Amino acid sequence: MAASIAALQSDVTCPTPDEFLVERVRAGDQDAFEELYDRYFTRVHHFVARRLRNRADVDETVQEVFFSIFSSIDSFRGEAPFGAWVFGLTRRTVASRFKKRTPLLVALGDDESDSAFHATTREPDPHEVYECSERLARLEDAVSSELTDEQRQLFELHHLENRSIQEIAGLLSKSEDAVKSHLYRARKVLLAR
């Protein structure tokens, strides 16, 4: 029996512990880093994708995470599992992405002159233009393929023509609750884009 257990154990290859791979990476072993990359890539990618909606942002952030892992691997002290360290670094990288994207705010008070407004406006950078066009294409696709004609009409009346719920209900001979319900469903579809 002991011989059969030993035979089973020799047939089963245990994965190399993360800490051993970390030591090999510190010694300059590129294969060890590739093994860590393969081991964590899918989980890191899913983690980032759940927080960022734009595929280009997700891919760029995942690259940033693995660059940070490689460049700061000497700071891993082994006090917690390597996976916890990786996801802590991933969370900080994602958080820094959100900090970079804080919107430019402009006061809209009556006491401000037009020159103050023009001084704070800026041209969007190419990345922002690309993101906007990508989102617009997704929204147009959702409008044409996922909204019913009725939802599209109600959405246009309310959000593009600025008509009130009561006005739309009277115009289309529907109850206000029906109009609200259709608008809610339309917004839900569009916000998912």
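Above this text sits the structure in question.
Procedures and definitions
Residues numbered from 1 in each chain as written. Predicted model: local features only at pLDDT ≥ 70, side-chain atom pairs only at ≥ 80, totals over all residues. Heavy atoms only, no water. Core = buried A, V, L, I, M, F, W, Y, C linked by side-chain atoms within 4.5 Å. Buried < 20%, exposed > 50% of the residue type's maximum accessible area, 1.4 Å probe, protein only. Helix = DSSP H or I, 4+ residues; strand = E, 2+ residues; numbered from the N terminus. Contact = heavy atoms within 4.5 Å. Patch = residues over 30% accessible without salt bridge, like charges linked within 9 Å, V, L, I, M, F, W, Y side chains within 5 Å. Areas by Shrake-Rupley, 256 points an atom, 1.4 Å probe, with all protein chains shown as cover. Salt bridge = Lys/Arg side-chain N within 4 Å of Asp/Glu carboxyl O. Lys, Arg positive; Asp, Glu negative; His and termini not counted. Charge placed at Lys NZ, Arg CZ, Asp CG, Glu CD.

A. Layout of the nonpolar core. Of all hydrophobic cores here, the largest spans 24 residues; its most connected members are L36, Y40, V44, V48, I69 and F82. Those elements that provide at least two residues to this core are α2 (18-26), α3 (30-51), α4 (55-71) and α5 (82-100). The leading source of residues in this core is α3, at 7 residues. Once residues lying within four places of it in the same chain are set aside, the contact partners of F82 are D18, E19, V22, L36, Y40, I69, I73 and F76. Counting 7 residues, the second-largest nonpolar core is a separate cluster that includes L157, I168, A169 and L183.

B. Here's a closer look at unusual backbone geometry. Phi at N162 is positive, roughly 55°, even though this residue is not glycine. Topologically, N162 is positioned in the loop between α8 (149-160) and α9 (165-172). Taking relative accessible area as the criterion, N162 reaches 65% and is therefore assigned exposed. A positive phi is found at S173, a non-glycine position, where the angle reads about 55°. Along the chain, S173 turns up in the loop between α9 and α10 (176-191).

C. Seen up close, the environment of Q166. For Q166, the position within the fold is in helix α9. Overall, Q166 belongs to the partly exposed group, its relative accessible area being 48%.

D. Focus on a positive patch on the surface. Judged by side-chain charge, R50, R51, R91 and R92 come together as a positively charged surface patch. When contributions to the positive patch are tallied by element, the ones reaching two or more residues are α3 and α5. Along the chain, R51 falls in helix α3. With a relative accessible area of 36%, R51 lands in the partly exposed category.

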